[in-house]
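# Structural characterization, general
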Amino acid sequence: MAQPATTVNDDSSVRAETPKKELGPVFKLAAGPTKWLDDRIGVAGLGRPFLRKVFPDHWSFLLGEIALYSFIVLILSGIFLTIWFKPSMAEIEYQGSYELLRGLQMSEAYASTLGLSFDIRGGLLLRQMHHWAAAVFVAAMLTHSLRIFFTGAFRKPREINWLIGVAMLALGIINGFTGYSLPDDLLSGTGLRFVDGLIRAIPLIGTWAEFFVFAGEFPGELIVPRLYMVHILLVPAILLGLIAAHLALVVYHKHTQYSGPGRTNGNVVGYPVFPVYAAKAGGFFLIVFGVLTLMGATMQINPVWVFGPYNPAEVTAGSQPDWYMGFVEGGIRLMPNWEWHIGSTTWSWNVAIPGLGLMGLFFGLIYPFIEAWVTGDKSEHHVLDRPRNNPTRTAFGVAAMTGYAMLWIGGGNDLVATQFDVSLNAVTYFLRVAVFVAPVLAFLITKRICIGLQRSDRDRMLHGAESGVIDRAPSGKYSERHRPISEGEAFALTEHEDIPALLPAPDTDGFSEKEIKREQLRRKATRFYFMDTLRRPTRAEIEEAEHHHLHPMIVGDGEHHAIEAEEEHHLAK
C-alpha cells in the first residue's frame, strides 16, 4: 500500500525570493545626481513620458537626424573657429607661414583664416569639417523637406511645423552664405559683390538698404564684423529656437508613420525612446560625426590661400557659390536685361525678379494650405501617403525639382560652356527655354508614371502576385499563375484615401456670388488634382478576387485554368 507523501511545514520551508537587481557602475554613478535633481525639479516625472515616447523605425526618418547632428557639429567646430578668427577688415601685412602670400596686404580676417589653416594645430581640419557640415546641414534639411512633401507629412496638424522647417531651411542658406563670406578672400568677396547687387536692385530703397548693410558704399569697412555677428549669434540663436519648437511639435503631434497592418491615424507603431531609440540615435550621431571628420580630413573644400585676399577690382575666374545658392545666381544669369528708367530711378527687374523673388517662390510656404483648401479635408493625418497615390502633388514636387535643376545649371553656365566646348550664349538661350518647358514635361511624365504604378498596384491587389509558373492550355495559349499577396501588402496597397473629383456645384441658391466663384474654383481644382487618379478596389472587388484565387479561374476565351488553394499555399511557401 502506498504511503502518503510527507509534507513540509512552514518552519522547515525556505521561501523563494527574487534577488534585487544590481545597478551597473554607470547607473550607480548617475544615481546620486539624478536623485538630487529629481528631489528639486521633478526630473523623473518630466522625463518619464518622453522616455516612453514611441518613434517609428524607417530609414527616411534619419534625414532629419542628419540635419540635427550636422548642426551640432557646426556648433562644436564653430566654437573652436571663433577662438582664433578675427572679424576685422583692418589691413595688415601678412607674415604667416604660407610663403606665397607673405608680405601681401590683406585684412585681419583673411590673415586669421590663413593662420587657422596653417599655424593652428587642427585648425584646417576644423575649418573643413565646419564647411562640410554646413553643406550637409542644408542638403539634409532640403532632402528631409522633400520627404515630408512627397509623403504628405505636412497635412493637419503639422502645417506649423512645415512653416518652421521652411524657415530653418532659409536661415540655413543665409547662415551658410554669411559663413563663407567671412574669410574675406577673393571668392567670398565676389559673392558679396553679388549680394550687393541684389540689395541695390530692391525697388526705390535699394541704395539706402545697401548703405545700411555695408555702412556706406561697397565694400565698406564693417561688413565682415556685421556678418560675423549674424553668423555666430543672430541666426544660430533663431535656429536653436526653431529646432526646439520643431522637435517639441514632433513629440506633441506624434510621429508620422508609413501604412501597414495595425497602423492608423490613432496610434504609433515603433520603438520607445529609451533604450532602443536612444541607443540608435547615439550611434547614428557618432557615425555622422565620424563621416564629417573623415570628409574634413580627406576632401579639400574652400582653399582660401589659392584665391588670395579680396580686391574689389578683381574677380575670381570661374567663381561659383556654394551649391545651395546656385539657383539664385542661375536665375540672375538667365534673366534677360529688363530695366525701367522712371524719372531719376532705375528699376532693375533683371536682378530683382530672379534674385529677390525666387527665394520666396521656390520654398512654397503656403502649399499645405492650398492642398487643404482643394481637398476640403479637416481631419488629422498621421499615416503617410505613398507618393504614387497622390500623382498631382508628386508631379508638382518633381516639376519644382526640375526647375531648380535648370536654375542650378544656369548658375554654372560658364563652366558648362568651357567643359563641353559649347557656346556660352547657346547654353544660356537653351536654359531660358528649359527653365519653363522642362518642369511642365516633368509634371506630365511624373503624373503618368504615378498613375501607371497605381494601375500596377490595383492589378496586384485583385489578381495577385506573379508566381513565375507558366501553364499552357490545350489550345496552345500560355498564361502565368498568380498567387494571393500577403495581408500586410494588401493593407499597404489599400490604405490610402480616395478623394473625389467634384463636378460643378448644381445648386447655388443661398450663396453669394463670391462664395459661388470660390466653390466652383475649388471643385475645378479637385478635378485637376484627382480626375485621373485610380480609385482603390472596393470590398466587393477584393472579395471577388479572393474567391477567384480559391476556385478555378477562367482564362482567355473560356479555357479553364485550375489553381487550387493547396497549390497556392505551396507556392507561397
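Since this is a predicted model, take the numbers as computed values, not measurements.

## Some points on the packing of helix H6 (residues 159–181) against helix H7 (residues 186–200)
Running from amino to carboxyl end, H6 crosses H7 at an angle of 130°, the nearest separation of the two axes being 8 Å. Classified by the interaxial angle, the pair formed by H6 and H7 is oblique. The segment H6 lies against H7, with Phe 177, Tyr 180 and Ser 181 engaging Ser 188, Gly 191, Leu 192 and Val 195. Classifying every residue of the contact of H6 with H7 by side-chain character gives 4 nonpolar, 3 polar and no charged.

## Side note on the nonpolar core
Counting 52 residues, the largest nonpolar core has Phe 137, Met 168, Ile 223, Leu 239 and Leu 292 as its most contacted members. Within the residue set of this core, elements represented by two or more residues are helix H3 (62–84), helix H4 (108–118), helix H5 (123–151), H6, H7, helix H8 (206–214), helix H9 (223–253) and helix H10 (273–298). When near neighbours in sequence (up to four residues on either side) are disregarded, Ile 223 contacts Met 89, Leu 192, Val 213 and Phe 214. Listed in part, the 18 residues of the second largest apolar core include Val 328, Ile 332, Leu 358 and Val 427.

## Points about the side chain of Glu 371
Looking at the element boundaries, Glu 371 is found in helix H14 (residues 367–375). Setting aside residues up to four positions removed in sequence, Glu 371 forms contacts with Phe 154, Arg 155, Asn 390, Arg 393 and Tyr 529.

## Observations concerning H10
The α-helix winds at 3.6 residues per turn, so residues separated by three or four positions along the chain end up facing the same way. Under the 1.5 Å per step criterion, the end-to-end length of H10 is 35 Å for 26 residues, consistent within 8% with the ideal 38 Å. If you check which residues of H10 are buried, you get Val 273, Ala 281, Phe 284, Val 288, Leu 292, Met 295 and Gly 296.

## Examining the pattern of salt bridges
Overall, the coordinates contain 19 salt bridges when judged by the stated rule. We note a salt bridge from Asp 414 to Arg 333, for which the minimum N-O separation is 2.9 Å. Taken as a pair, Asp 414 in helix H16 (residues 413–420) and Arg 333 in helix H12 (residues 326–334) lie far apart in primary sequence, 81 residues in all. Asp 414 sits in the partly exposed class, given a relative accessible area of 22%. You can call Arg 333 partly exposed: its relative accessible area is 24%. The structure contains a network of salt bridges with shared partners spanning Arg 155, Glu 371, Asp 385 and Arg 393.

## Things to note about the packing of aromatic side chains
Under the definition given, this model contains 27 aromatic pairs. Arranged with centres 5.9 Å apart and planes meeting at 75°, the rings of Phe 285 and Phe 289 form a pair that is edge-to-face. With Phe 285 and Phe 289 both in helix H10 and 4 residues apart, this pair spans about one turn of that helix. Classification of Phe 285 by relative accessible area gives partly exposed; the value is 21%. Phe 289 gets classed as partly exposed once you look at its relative accessible area, which sits at 28%. Three or more aromatic residues joined by ring pairs form one cluster here, namely Phe 149, Phe 150, Phe 154, Trp 162 and Tyr 367.

## Some details on the packing of H4 against H5
Taken N-terminus to C-terminus, the directions of H4 and H5 make an angle of 110°; their axes are 5 Å apart at the nearest point. The angle between H4 and H5 places the two elements in the roughly perpendicular class. In this structure, H4 uses Thr 113, Leu 116 and Ser 117 to contact H5, whose residues at the interface are Gly 123, Leu 124 and Arg 127. Partitioned by chemical class, the residues of the contact of H4 with H5 number 2 nonpolar, 3 polar and 1 charged.

## Comments concerning the confidence of the model for the protein
Per-residue confidence for the protein gives a mean pLDDT of 85; residues scoring 70 or more make up 87%. Here residues 552–573 is modelled with pLDDT under 50, and outside its nearest four sequence neighbours on either side it reaches 35 contacts, counting other chains as well.

## With respect to the environment of Phe 85
Mapping Phe 85 onto the fold places it in the loop between H3 and strand S2 (91–93). Along the primary structure Phe 85 and Ala 109 are separated by 24 residues, whereas in three dimensions their C-alpha atoms are 6.7 Å apart. Setting aside residues up to four positions removed in sequence, Phe 85 forms contacts with Ala 109, Ser 112, Thr 113, Leu 116, Leu 182, Pro 183 and Tyr 228.

Analysis parameters
- Residues numbered from 1 in each chain as written.
- Predicted model: local features only at pLDDT ≥ 70, side-chain atom pairs only at ≥ 80, totals over all residues.
- Heavy atoms only, no water.
- Axes fitted to C-alpha atoms, helices over the stretch in contact; angles between N-to-C directions.
- Helix = DSSP H or I, 4+ residues; strand = E, 2+ residues; numbered from the N terminus.
- Parallel < 35°, antiparallel > 145°, perpendicular 65-115°, else oblique.
- Contact = heavy atoms within 4.5 Å.
- Nonpolar A, V, L, I, M, F, W, Y, C, P; charged D, E, K, R; others polar.
- Core = buried A, V, L, I, M, F, W, Y, C linked by side-chain atoms within 4.5 Å.
- Buried < 20%, exposed > 50% of the residue type's maximum accessible area, 1.4 Å probe, protein only.
- Expected span 1.5 Å × (residues − 1).
- Salt bridge = Lys/Arg side-chain N within 4 Å of Asp/Glu carboxyl O.
- Phe/Tyr/Trp six-rings, centres within 6.5 Å; stacked < 30°, edge-to-face > 60°.
- pLDDT = per-residue confidence, 0-100.

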